Amino acid sequence: MIATLSHNAQWVLLSTLILGMAAGIVGSFAYWKRQSLMSDALSHAALPGVIVGFVLAGTKSLPIMIAGAAVSALLGALLIEWIRSSTRIKEDAAMGIVLSVFFGLGIMLLTFVNRSAGGSQSGLDSFIFGQAASMVSSDVRLMTATAAVVLLVAALGYKEWKLFLFDPAYAAGLGLSGRLMNGIYLALLVLVIVVGIQAVGVILMAALLIIPAVSARYWTHSFKWTVALSAVFGGGAGAAGTLLSAMGNGWPTGPFIVLVASATFVVSLFCGASKGLLVLYLGQWSHRRRLSRQPAAGQIAAREGAGQ
Amino acid sequence: MAAVLQVTDVNASYRKNAALERVAFEVRPGTLTAIVGPNGAGKSTLLKVLLDQHPRLSGDVSFFGESFRKVKARIGYVPQRGSVDWDFPTDALDVVTMGLYGKIGWLRRPGRTHRELAMRALAEMGMADYAGRQISQLSGGQQQRVFLARALAQDAELYMLDEPLAGVDAVTERVIMDTLQRLKGEGKTVMVVHHDLQTVEDYFDRVLLLNRTVIAHGTTADAFTRENIYRAYGGVLRWLEEKSG
């Protein structure tokens, strides 16, 4: 099937595979930092930046639009942090506020741009639901480079990520700066989001970050394998979703990627080797069987009494 | 001998409320000190301020005559058990190995000797059989012992523990107190945030009574007097005593 794809489509497939892997890794960091919603807030927050970038460039220039997305996503992150630390509003509420305000602003700007001359042909709509097929080879190179950075940072600092995510207070005591780790984490998250939104879209980008990480935890008890599996699931969902969406003309990529990721989640939930429901059920069943084979204490006493 | 810890005139607050006021004390090497005080007295805040995890408004803190930054590696901190998510995918040995990360060096991998050191620390806490156990499957007491083993692996000179005996079983309490006594015997210094007034005299040779400021500090015999406890706990204790007596 892959061989029948055009040259460009093969590149697109490769890039969504790599993007999915990077998203799986960063997503598992976000998940174990208990900040899954953060990825959702930041990908929505990227939208106004994309549009402003388009307006400033005057044409659909991906580097400028990505830079705009990065600026507005980081702005969103700073705003969440500011709301959390200087008001009594909790972090989840702060994320909800930033998510909806930025997304609303983005949609408003998008409407204006689409109504203006030439705007409707801009293909800006594809940033909402994702259109992997619209990517060109320079986009693919950018995505590959980004994913390589993420893989490198995750692999080099594997031990540090584990310590920081599990026990940040103790990590600080050992001299691992929480501020530095937090900064790197946010940078990676924003990086993956901004290069991913063209293929997956701002609405569903979070799913590619969250679902692989959640699925992975049903299979293993080790942090290393959690991250690795999350990368495999993310990459698989990215590639399979792209293949599926390529079967129809103009089908958006994001929803297909998310559906494949969700299917992986359902399989993990039931069949996962360490926490899957089936394993838990089988464990309980064999335990119950062992109990029913052993005679209860009362029966033993009665039998002994009868023998005398 | 120089003080292990010297605290001068430390003030700290949570939002608008003063949490610590003019806190000053000195800790000598080879001592085992209980930090005692009512809820909200600032015991955990004190530890956090000392360890640079919470800002201080004024005052000075020095460890071994140096700032905390310079001597981090010589201080073993044991946070409250509830401060982390025990569902995190890792096993007991892995958590204890974290105590060696400073020694291993950043961006390097732990080797066999590190794993052996971690294993020895686990064994000291009677947890050798649980090395490969997923941390979420450990009991509260076992989790606390893993935390202490992590600090032991660090081989520090000063240990600071935040409520290590809260909600643990009798065996764990015994193991932890034996370990702390042994550390003291080896000339190390131990400070423990403690909540159980009944056991202060049995377990500790020194006590720091805290209620936002230092109420009393000294040997248990001198400082842990009825009068000082009343001053630290205010009317609460008197009410309890009248009720029971």
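Computed from a prediction, not measured in an experiment: that's the story for all the values here.

Student: I tried to follow the overall build of chain B on my own but got confused; where do I start?
Tutor: Secondary structure assignment for chain B yields 11 helices and nine strands. Against the 2.2 N^0.38 benchmark of 18 Å for 245 residues, chain B shows a C-alpha radius of gyration of 18 Å, consistent with a compact globule. Taking the principal axes of its C-alpha atoms as reference, chain B extends roughly 55 × 40 × 35 Å. In chain B, the share of contacts with a sequence separation of at least 24, taken over all contacts with a separation of at least 6, comes to 68%.

Student: Help me out: how do you make sense of the overall build of chain A in this one?
Tutor: Regarding its fold elements, chain A presents 15 helices and zero strands. Overall size of chain A, expressed as C-alpha extent along the three principal axes, is 100 × 55 × 35 Å. Across the 308 residues in chain A, those meeting the buried criterion constitute 47%.

Student: Sorry, what's going on with unusual backbone geometry here?
Tutor: For residues besides glycine, phi is generally negative; the peptide bonds are generally trans as well. All names here are of chain B. For D9, which is not glycine, the phi dihedral falls at a positive 50 degrees. One can find D9 in strand β1 (residues 5–14). Classification of D9 by C-beta neighbours within 10 Å gives exposed; the count is 12. Positioned with a positive phi, E163 is a non-glycine residue whose angle comes to about 50 degrees. Relative to the helices and strands, E163 is located in the loop between β6 (158–162) and α7 (170–185).

Student: What is the right way to look at the environment of V258 of chain A in this model?
Tutor: Residues and elements named next belong to chain A. Note on placement: V258 falls in helix α13 (residues 253–271). For V258, a count of 22 C-beta atoms within 10 Å gives the class buried. Through-space distance from the C-alpha of V258 to that of L209 is 10 Å; in sequence the pair is 49 residues apart. Apart from the residues lying within four places of it in its own chain, the contact partners of V258 are L204 and A207.

Student: Explain the nonpolar core here, please?
Tutor: Across soluble globular proteins, nonpolar side chains show a tendency to be buried alongside one another. Counting 168 residues, the largest nonpolar core has V26, A46 and V194 of chain A together with V96 of chain B as the members making the most contacts within it. Broken down by element, the residue count for this core peaks at 14 residues, all from helix α1 (residues 7–32) of chain A. Dropping the residues within four chain positions of it, V26 of chain A is found in contact with V150, L188, L189, V192 and L209 of chain A.

Student: Whenever I open this one, helix α10 (residues 178–200) of chain A confuses me. Can you help?
Tutor: Count 3.6 residues to each turn of an α-helix, and residues three or four apart come out pointing the same way. The end-to-end C-alpha separation of α10 of chain A is 31 Å, in line with the 33 Å expected for 23 residues at 1.5 Å each. By the largest-angle criterion, V194 of chain A marks the main kink of α10 of chain A, which is about 30 degrees.

Student: What should I look at first to understand the sheet that holds strand β5 (residues 75–78) of chain B in this one?
Tutor: Across a sheet, paired strands are connected by hydrogen bonds in the backbone, their directions being either parallel or antiparallel. Residue and element names in this part refer to chain B. Read across the open sheet, the six strands follow the order β5-β6-β7-β3-β8-β9; overall the sheet is mixed. In this open sheet, the two edge strands, each paired with only one partner strand, are β5 and β9 (213–219). Pairwise comparison of adjacent strand axes, ignoring direction, gives a mean angle of 15 degrees for this sheet. In this structure, strand β3 (residues 32–36) lies alongside strand β7 (residues 189–193), joined through four bridges in parallel fashion.

Student: Even after reading the chapter, I still don't get the sheet that holds strand β2 (residues 17–27) of chain B, so can you show me in this structure?
Tutor: Residues and elements named next belong to chain B. Taken together, the three strands give an open sheet; going across it, the order is β2-β1-β4, and neighbouring strands pair in antiparallel fashion. The open sheet has two free edges, formed respectively by β2 and β4 (58–63), since each of these has just one partner strand. Adjacent strand axes in the sheet meet at a mean angle of 25 degrees, parallel and antiparallel pairs treated alike. Of the pairings in the sheet, the one linking β1 to β4 comprises five bridges and is antiparallel in character.

Student: Teacher, can you tell me more about the pairing of β9 of chain B here?
Tutor: For a regular strand, side-chain orientation follows a simple rule: the groups alternate between the two sheet faces. All names here are of chain B. In the sheet, strand β8 (residues 206–211) pairs with β9 via six bridges, with the strands oriented antiparallel. Its bridge partner lying in β9, N211 is registered against T213. Taking the residues between adjacent antiparallel strands as the criterion, β8 and β9 are bridged by one residue, where R212 takes a positive phi near 65 degrees.

Student: What is the right way to read the interface of chain B and chain A from this model?
Tutor: One frequently used descriptor of interface size is the decrease in accessible area upon assembly of the parts. Counting residues at the interface gives 18 residues for chain B, matched by 21 residues for chain A. Looking at the side of chain B that touches chain A residue by residue, the class counts come to 10 nonpolar, five polar and three charged.

Student: Got a minute to help me understand the pairing of β3 of chain B in this structure?
Tutor: Residues and elements named next belong to chain B. Counting buried positions along β3 gives five out of five residues, so the element sits mostly inside the fold. Judged by which residues are buried, β3 turns out to be covered on both faces: L32, A34 and V36 on one side and T33 and I35 on the other are all buried. Here β3 runs beside β8; their pairing, made up of four bridges, is parallel. If you follow A34 over to β8, its bridge partner there is V207.

Student: Even after reading the chapter, I still don't get the packing of helix α3 (residues 47–57) of chain A against helix α4 (residues 62–86) of chain A, so can you show me in this structure?
Tutor: Geometrically, a packed helix pair is captured by the angle between its two axes and the distance between the axes. Residue and element names in this part refer to chain A. The contact between α3 and α4 brings their axes to 7 Å, and the two run at 140 degrees. As judged from the angle between their axes, α3 and α4 are oblique. In this structure, α3 meets α4 at a crossing whose hand is right-handed. Of the residues in α4, those in contact with P48, G49, V50, V52, G53, F54, L56 and A57 of α3 are I64, M65, A67, G68, A69, A70, V71, S72 and A73. Per-class residue counts for the contact of α3 with α4 are 13 nonpolar, four polar and no charged.

Student: Even after reading the chapter, I still don't get helix α1 (residues 43–50) of chain B, so can you show me in this structure?
Tutor: Residues and elements named next belong to chain B. Most of α1 sits out of view: seven of its eight residues are buried. Those residues of α1 lying buried are K43, T45, L46, L47, K48, V49 and L50. In the stretch just after α1, D52 is the one whose phi turns positive, near 65 degrees.

Student: Would you take a moment to explain the confidence of the model for chain B for this structure?
Tutor: Caution is warranted with low-pLDDT regions, since their predicted coordinates should not be read in detail. All names here are of chain B. When pLDDT is averaged along chain B, the result is 91; 95% of the residues meet or exceed 70. Summarising per-element confidence for chain B, the mean pLDDT is lowest in helix α11 (residues 235–244) (61) and highest in β7 (97). Here the prediction assigns the complex a pTM of 0.88, and the interface score ipTM is 0.89.

The rules behind each value
Residues numbered from 1 in each chain as written. Chains lettered and ligands numbered in written order. Predicted model: local features only at pLDDT ≥ 70, side-chain atom pairs only at ≥ 80, totals over all residues. Helix = DSSP H or I, 4+ residues; strand = E, 2+ residues; numbered from the N terminus. Rg over C-alpha atoms; globule rule 2.2 N^0.38 Å. Contact = placed C-beta atoms within 7 Å. Buried ≥ 20, exposed ≤ 12 C-beta atoms within 10 Å, placed from the backbone. Core = buried A, V, L, I, M, F, W, Y, C linked by C-beta atoms within 7 Å. Expected span 1.5 Å × (residues − 1). Bend = angle between axes of the 7 residues up to and from the residue. Pairing = 2+ DSSP bridges. Axes fitted to C-alpha atoms, helices over the stretch in contact; angles between N-to-C directions. Nonpolar A, V, L, I, M, F, W, Y, C, P; charged D, E, K, R; others polar. Parallel < 35°, antiparallel > 145°, perpendicular 65-115°, else oblique. Left-handed = near helix turned anticlockwise from the far one by under 90°. pLDDT = per-residue confidence, 0-100.

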